[in-house]
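Spelled out from the first residue to the last, the chains are:
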Amino acid sequence: MALISVIRQRHSREGLPFREISRRIGVSRSTVRKYINNEELDPKYPARKSPSKLDDYERTLRSWLFRKRNATTNNVNP
């Protein structure tokens, strides 16, 4: 995200051409062009395909969190 911000700022505020931005930042001109022409601010990453290590413990963790939340709300309103 920070690289995209720097590239867009240098292009829009400072008026630098793609070649100068790429030279100063150290990325290719095609990368600079891609980030400036792309309307999307955050890159999209594919959804996780492999299971999480915590999937086996999900029920237990959720019950602990539920009990903890109920305990704190019960203590707040005696």
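Residues numbered from 1 in each chain as written. Predicted model: local features only at pLDDT ≥ 70, side-chain atom pairs only at ≥ 80, totals over all residues. Heavy atoms only, no water.

K.L.:
Quick rundown of the nonpolar core? Include the residues and the values.
P.N.:
The biggest cluster of nonpolar side chains holds five residues, and these are I7, L16, I21, V32 and I36. The contact partners of I36, leaving out residues within four places of it in the chain, are I7, H11, F18 and I21. (Core = buried A, V, L, I, M, F, W, Y, C linked by side-chain atoms within 4.5 Å. Buried < 20%, exposed > 50% of the residue type's maximum accessible area, 1.4 Å probe, protein only. Contact = heavy atoms within 4.5 Å.)

K.L.:
Any chance you could break down the pattern of salt bridges for me, citing the residues and the numbers?
P.N.:
Inspection of every chain in the model, using the stated rule, returns four salt bridges. Of the charged contacts, one joins R24 and E14 as a salt bridge, the two residues approaching to 3.9 Å between their closest N and O atoms. Residue R24 is found in helix α2 (residues 18-25), and its partner E14 is found in the loop between α1 (2-12) and α2; the two are separated by 10 residues along the sequence. Of the residues examined, R24 reaches a relative accessible area of 45% and is grouped as partly exposed. (Salt bridge = Lys/Arg side-chain N within 4 Å of Asp/Glu carboxyl O. Helix = DSSP H or I, 4+ residues; strand = E, 2+ residues; numbered from the N terminus.)

K.L.:
Any chance you could break down a nonpolar patch on the surface for me, citing the residues and the numbers?
P.N.:
Judged by side-chain polarity, L54, Y57, L61 and W64 come together as a nonpolar surface patch covering roughly 440 Å² of accessible area. With respect to the secondary-structure elements, L54 resides in the loop between α3 (29-37) and α4 (58-76). The exposure class of L54 is exposed, given its relative accessible area of 51%. (Patch = residues over 30% accessible without salt bridge, like charges linked within 9 Å, V, L, I, M, F, W, Y side chains within 5 Å. Areas by Shrake-Rupley, 256 points an atom, 1.4 Å probe, with all protein chains shown as cover.)

K.L.:
How would you explain the packing of α1 against α3 if you had to name every residue and give the values?
P.N.:
Running from amino to carboxyl end, α1 crosses α3 at an angle of 85 degrees, the nearest separation of the two axes being 9 Å. Compared by their axis directions, α1 and α3 come out roughly perpendicular. Here L3, I4, I7, R8 and H11 of α1 lie close against α3, whose contacting residues are V32, Y35 and I36. Grouping the amino acids of the contact of α1 with α3 by side-chain chemistry returns six nonpolar, one polar and one charged. (Axes fitted to C-alpha atoms, helices over the stretch in contact; angles between N-to-C directions. Parallel < 35°, antiparallel > 145°, perpendicular 65-115°, else oblique. Nonpolar A, V, L, I, M, F, W, Y, C, P; charged D, E, K, R; others polar.)

K.L.:
Describe the packing of α2 against α3, with residues and values.
P.N.:
A pair of packed helices is characterised by two quantities: the angle between their axes and the separation of those axes. Following both chains from N to C, one finds α2 and α3 inclined at 115 degrees, their axes separated by 8 Å at the closest point. With respect to α3, the axis of α2 lies roughly perpendicular. Considering only the axes of α2 and α3, their crossing is right-handed. Mapping the contact onto sequence places F18, R19, I21 and S22 in α2 and R29, V32, R33 and I36 in α3. When grouped by side-chain class, the residues that make up the contact of α2 with α3 number four nonpolar, one polar and three charged. (Left-handed = near helix turned anticlockwise from the far one by under 90°.)

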